[in-house]
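Descriptive analysis of the structure
So the chains spell out like this:
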Amino acid sequence: LAEMAARDPSMTVLGRGFSRCFSRWESCSCCHQLFSGALAVEMNRRSWRHYRDLPDPSPDSRRALENMALSMRNRDESDAADRLDAEALRGLGRDEPLVLLSEIKQANSVIDTNPGAALEILTELRPRLAHCAELSIRMYYDDNMAYVLNALGRPQEGLQFAADGAECAATAYGPEAGPTLFAMRTHALFLMYTGRHAEGNVALDRLHTTGTRVLGADHEL
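Treat the numbers as computed from the prediction; the structure is a model and nothing was measured.

Here's the deal with helix α9 (residues 155–173)
Helix length check: α9 (19 residues) gives 26 Å between terminal C-alpha atoms against 27 Å at 1.5 Å per residue, within 8%. Buried within α9 are the following residues: Gly-158, Leu-159, Phe-161, Ala-162, Gly-165, Ala-166, Cys-168, Ala-169, Ala-172 and Tyr-173. Residue Gly-174 follows α9 closely and has a positive phi angle near 110°.

Here is the structure:
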């Protein structure tokens, strides 16, 4: 899988954006299922080595390192992930996409325990994010803001962020890619949370049909 990803012509072109560059490293090109567990960690490690070893050192190597840290954190390897995060962010300005992503992850880590604090972090980030061209990071922000607002009893406000996140995902990854389908699920759930049950049920039924076709009958959706 790593060799196939490295041979993709788009992998050798700098400046194409986080979402497009990393799609081959994050999910199967056949079924679009997102990699997880040990496979995700290994694919992210291979992507970091790939970008690190390009003749013209690429800023994407930092992003690959950050991606690897995230996959390790998902496996509860927090200490190792913290070290990778620090390495990836060293020397970057406060408005660099990776720094913004790191702060969004900080908010994500306290949504369940302190949604008020998470809202403060995300609210401070919003004007800085306006200058970020990375749609995958904007999608992650919108998703987190939606769930923070829902945790604070404000699902109607969260609905707009969920809709924006789904739109960002479709533009960044494509209309039927794994991240887009999960963002669409968030939007459908928020339709239900806000009492728009008929629309929510239609969206969930459509999503189930698409998910089964694209990801297989045992998909997580």
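Some thoughts on the nonpolar core
By size, the foremost hydrophobic cluster in this structure holds 26 residues, and its most contacted members are Leu-122, Leu-125, Tyr-141 and Met-145. Taken together, the elements giving at least two residues each to this core come down to α6 (97–108), α7 (115–129), α8 (135–151), α9 and α10 (178–193). If sequence neighbours within four positions are ignored, Met-145 has contacts with Leu-119, Leu-122, Thr-123 and Phe-161.

Observations concerning the packing of α6 against α7
At a minimum axis distance of 9 Å, the contact between α6 and α7 shows a crossing angle of 160°. Taken together, the axes of α6 and α7 lie roughly antiparallel to each other. Two packed elements cross with a definite hand, and for α6 against α7 that hand is left-handed. Here α6 contributes Val-99, Leu-100, Glu-103, Ile-104, Gln-106 and Ala-107 to the contact with α7, which in turn contributes Ala-118, Ile-121, Leu-122, Glu-124, Leu-125, Arg-128 and Leu-129. Across the contact of α6 with α7, the residue classes tally to nine nonpolar, one polar and three charged.

Here's the deal with the pattern of salt bridges
Scanning the entire structure with this criterion turns up six salt bridges. A salt bridge links Glu-124 to Arg-128; its shortest N-O distance comes to 3.0 Å. Of the two residues, Glu-124 and Arg-128 are both situated in helix α7; the distance of four residues between them amounts to about one turn of the helix. Residue Arg-128 is classed as buried on the basis of its relative accessible area of 8%. Taken together, the shared-partner salt bridges in this structure form one network comprising Asp-95, Glu-103, Glu-124 and Arg-128.

Comments concerning the state of the cysteines
Throughout the structure, instances matching the rule amount to zero disulfides. With no disulfide of its own, Cys-132 lies 9.8 Å from the sulfur of Cys-168, the closest cysteine sulfur.

Description of the packing of α10 against helix α11 (residues 197–215)
As a packed pair, α10 and α11 sit with axes 8 Å apart at the nearest point and diverge in direction by 160°. As the angle between them shows, α10 and α11 are arranged roughly antiparallel. Like other packed secondary-structure pairs, α10 and α11 cross with a definite hand, here left-handed. Here Leu-181, Met-184, Arg-185, Ala-188, Leu-191 and Met-192 of α10 lie close against α11, whose contacting residues are His-197, Glu-199, Gly-200, Asn-201, Ala-203, Leu-204, Leu-207, Thr-210, Gly-211, Val-214 and Leu-215. Each residue belonging to the contact of α10 with α11 can be placed in one class, and the counts come to 10 nonpolar, five polar and two charged.

Points about the packing of aromatic side chains
This structure, assessed with the given rule, holds two aromatic pairs. Relative to Phe-190, the ring of Tyr-147 has its centre 5.4 Å away and its plane inclined at 70°; by these criteria the two rings are edge-to-face. With Tyr-147 in helix α8 and Phe-190 in helix α10, this residue pair connects regions lying 43 residues apart in the sequence. The exposure class assigned to Phe-190 is buried, which follows from its relative accessible area of 0%. Between the aromatic rings of Phe-190 and Tyr-193, the centroid separation amounts to 5.0 Å while the plane-to-plane angle is 70°, which identifies the pairing as edge-to-face. On the criterion of helical spacing, the pair formed by Phe-190 and Tyr-193 is a turn pair, its members being three residues apart in helix α10. For Tyr-193, a relative accessible area of 40% corresponds to the partly exposed category. Feature note: the residues Tyr-147, Phe-190 and Tyr-193 constitute an aromatic cluster, connected by ring pairs.

Basis of the calculations
Residues numbered from 1 in each chain as written. Predicted model: local features only at pLDDT ≥ 70, side-chain atom pairs only at ≥ 80, totals over all residues. Heavy atoms only, no water. Helix = DSSP H or I, 4+ residues; strand = E, 2+ residues; numbered from the N terminus. Expected span 1.5 Å × (residues − 1). Buried < 20%, exposed > 50% of the residue type's maximum accessible area, 1.4 Å probe, protein only. Core = buried A, V, L, I, M, F, W, Y, C linked by side-chain atoms within 4.5 Å. Contact = heavy atoms within 4.5 Å. Axes fitted to C-alpha atoms, helices over the stretch in contact; angles between N-to-C directions. Parallel < 35°, antiparallel > 145°, perpendicular 65-115°, else oblique. Left-handed = near helix turned anticlockwise from the far one by under 90°. Nonpolar A, V, L, I, M, F, W, Y, C, P; charged D, E, K, R; others polar. Salt bridge = Lys/Arg side-chain N within 4 Å of Asp/Glu carboxyl O. Disulfide = S-S within 2.5 Å. Phe/Tyr/Trp six-rings, centres within 6.5 Å; stacked < 30°, edge-to-face > 60°.

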